Amino acid sequence: MLLSGKRIVIMGGSGAIGTAMAKAFAVEGAKVYLGARGSHGLAAAAEAVRSTGGIAEAFSVDCLDEDATRRAVEALAERLDEIDVAINATSFMHDQGTFIDGLDLDTFMSPIDNFLRSLFNSTKAVVPYMGKSRQGVILTLSTPAGRAATPGHLGYSVTCAGVEAFSRVLAAELGMRNIRVVCLGPHAISDAPQAGSYTAELFAPKAEAMGLSVEQWLGGGAQSTLLGRLPTLDDVAQTAAFLVSDKARSMTAAYVNLTAGMIPD
């Protein structure tokens, strides 16, 4: 199988994207280790993986806390010895839609601090346990916001651009240590709100302002893509499975566009 025997750690493993990836990875033969803050969501995510016949373990971790993240990964690494793949799929509510006139500094900085702090802490924690006997892979997640010019998205756009820059420079630092870094950038995911994603709450004000449901609003967003549709959770998970597999072993410092061909602003 594509990921046979690989040990994959997913921070934010109880979220919609983290769970979808975990299920896809397990089907391809990986052992998945799901980390998040909430135990209830983690238990459900791990059970969803096991229901497909996969192997999953859950552990508690707050990636905004550097010491706690380090300790959680150390405890995991004592049993695994080596981590083959690490993914940070944590997510945080943030502002989308406020122009700079009404944007305060704390609101602007909130996604920048939360998303990048979580990514930095989790990455620093896993790197010492990667790239030993097998090539390691760090998969990061961004969105088109890092490359588009969408009014009202200052904080989030800067965040996504920062994730992409972090990924490129990290790839340069870790290449000689047998670790590659790839950034996956899906557009709004069509079925994520139904799967419990925080995007249901995030997109609701935009949809309501247009007199639409979130599903109708997402349907309109699909028209901004060249394929006339948005990616699904399964699209994201299956693409991620390929990117972290040995079939993509020469790919690093890369940004993978999974927008179904979003037309830039």
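Worth saying up front: this structure is predicted, and the values here are computed from it rather than measured.

Scoring rules and cut-offs
Residues numbered from 1 in each chain as written. Predicted model: local features only at pLDDT ≥ 70, side-chain atom pairs only at ≥ 80, totals over all residues. Heavy atoms only, no water. Core = buried A, V, L, I, M, F, W, Y, C linked by side-chain atoms within 4.5 Å. Buried < 20%, exposed > 50% of the residue type's maximum accessible area, 1.4 Å probe, protein only. Helix = DSSP H or I, 4+ residues; strand = E, 2+ residues; numbered from the N terminus. Contact = heavy atoms within 4.5 Å. Salt bridge = Lys/Arg side-chain N within 4 Å of Asp/Glu carboxyl O. Polar contact = N/O pair within 3.5 Å; in protein donor to acceptor, adjacent residues only side chain to side chain. Right-handed = clockwise from strand over helix to strand, strands pointing away. Pairing = 2+ DSSP bridges. Axes fitted to C-alpha atoms, helices over the stretch in contact; angles between N-to-C directions. Parallel < 35°, antiparallel > 145°, perpendicular 65-115°, else oblique. Left-handed = near helix turned anticlockwise from the far one by under 90°. Nonpolar A, V, L, I, M, F, W, Y, C, P; charged D, E, K, R; others polar.

1. What about the nonpolar core?
Part 1 of the reasoning: Core analysis: the largest hydrophobic core is formed by 38 residues, its most contacted members being I8, I10, M21, F25, L139 and L184.
Part 2 of the reasoning: The biggest single contributor to this core is helix α1 (residues 16-27), with 7 residues.
Part 3 of the reasoning: Apart from residues no more than four positions distant in its own chain, L184 is found in contact with M21, L139, T140, L141, S142, V236, T239, A240, L243, V256 and L258.
Part 4 of the reasoning: Among the nonpolar cores identified, the runner-up in size contains 24 residues, and F59, V73, L170 and I179 belong to it.

2. Here's the deal with the pattern of salt bridges
Part 1 of the reasoning: Tallied over the entire structure, the rule returns 12 salt bridges.
Part 2 of the reasoning: One salt bridge connects R79 with E57, and the closest N-O pair in it is separated by 2.8 Å. Taken together, the residues span a long stretch of sequence, with R79 in helix α3 (residues 66-80) and E57 in strand β3 (residues 55-60) at a distance of 22 residues.
Part 3 of the reasoning: Among the salt bridges present, the one from E74 reaches R70, with a minimum N-O distance of 3.4 Å. Here the residue E74 and the residue R70 both occupy positions in helix α3, the gap between them amounting to 4 residues, near one helical turn.

3. Some remarks on the side chain of S142
Part 1 of the reasoning: When you line up the elements, S142 lands in the loop between β5 (136-141) and α5 (154-174).
Part 2 of the reasoning: Since its relative accessible area comes to 5%, S142 is described here as buried.
Part 3 of the reasoning: At 2.9 Å, the side chain of S142 and the side chain of E164 are in polar contact.
Part 4 of the reasoning: Those residues in contact with S142 that lie beyond four places of it in its chain are C160, V163, E164, C183, L184, G185, P186 and Y255.

4. Things to note about the pairing of strand β6 (residues 179-186)
Part 1 of the reasoning: Here β6 lies mainly inside the structure; 8 of its 8 residues are buried.
Part 2 of the reasoning: Here β6 shows no split at all, with I179, V181, C183 and G185 on one side and R180, V182, L184 and P186 on the other all buried.
Part 3 of the reasoning: At this point the chain moves from β5, through α5, to the parallel β6, and the crossover so formed is right-handed.
Part 4 of the reasoning: Note: β6 against strand β7 (residues 254-258), 5 bridges, orientation parallel. Its bridge partner being in β7, L184 is matched across the sheet by V256.

5. Looking at the packing of α1 against helix α8 (residues 233-243)
Part 1 of the reasoning: Two elements in contact, α1 and α8, have axes whose closest approach is 8 Å; the angle formed by their N-to-C orientations is 55°. Here α1 lies oblique to α8, going by the angle between them. In the packing of α1 onto α8, the handedness of the crossing is right-handed. Note on element contacts: α8 touches α1 through L233, V236, A237, Q238, A240 and A241, opposite A16, I17, A20, M21, A24 and F25.
Part 2 of the reasoning: For the contact of α1 with α8, the per-class residue count stands at 11 nonpolar, 1 polar and no charged.

6. Some points on the pairing of strand β1 (residues 7-11)
Part 1 of the reasoning: Most of β1 is tucked away, with 5 of its 5 residues classed as buried.
Part 2 of the reasoning: Burial along β1 is two-sided: R7, V9 and M11 facing one way and I8 and I10 facing the other are all buried.
Part 3 of the reasoning: Here β1 pairs with strand β2 (residues 31-36) via 5 bridges, running parallel. Note on β2: the bridge partner recorded for V9 is Y33.
Part 4 of the reasoning: Crossover connection from β1 via α1 to parallel β2: handedness right-handed.
Part 5 of the reasoning: The pairing of β1 with strand β4 (residues 85-88) spans 4 bridges and is classified as parallel.

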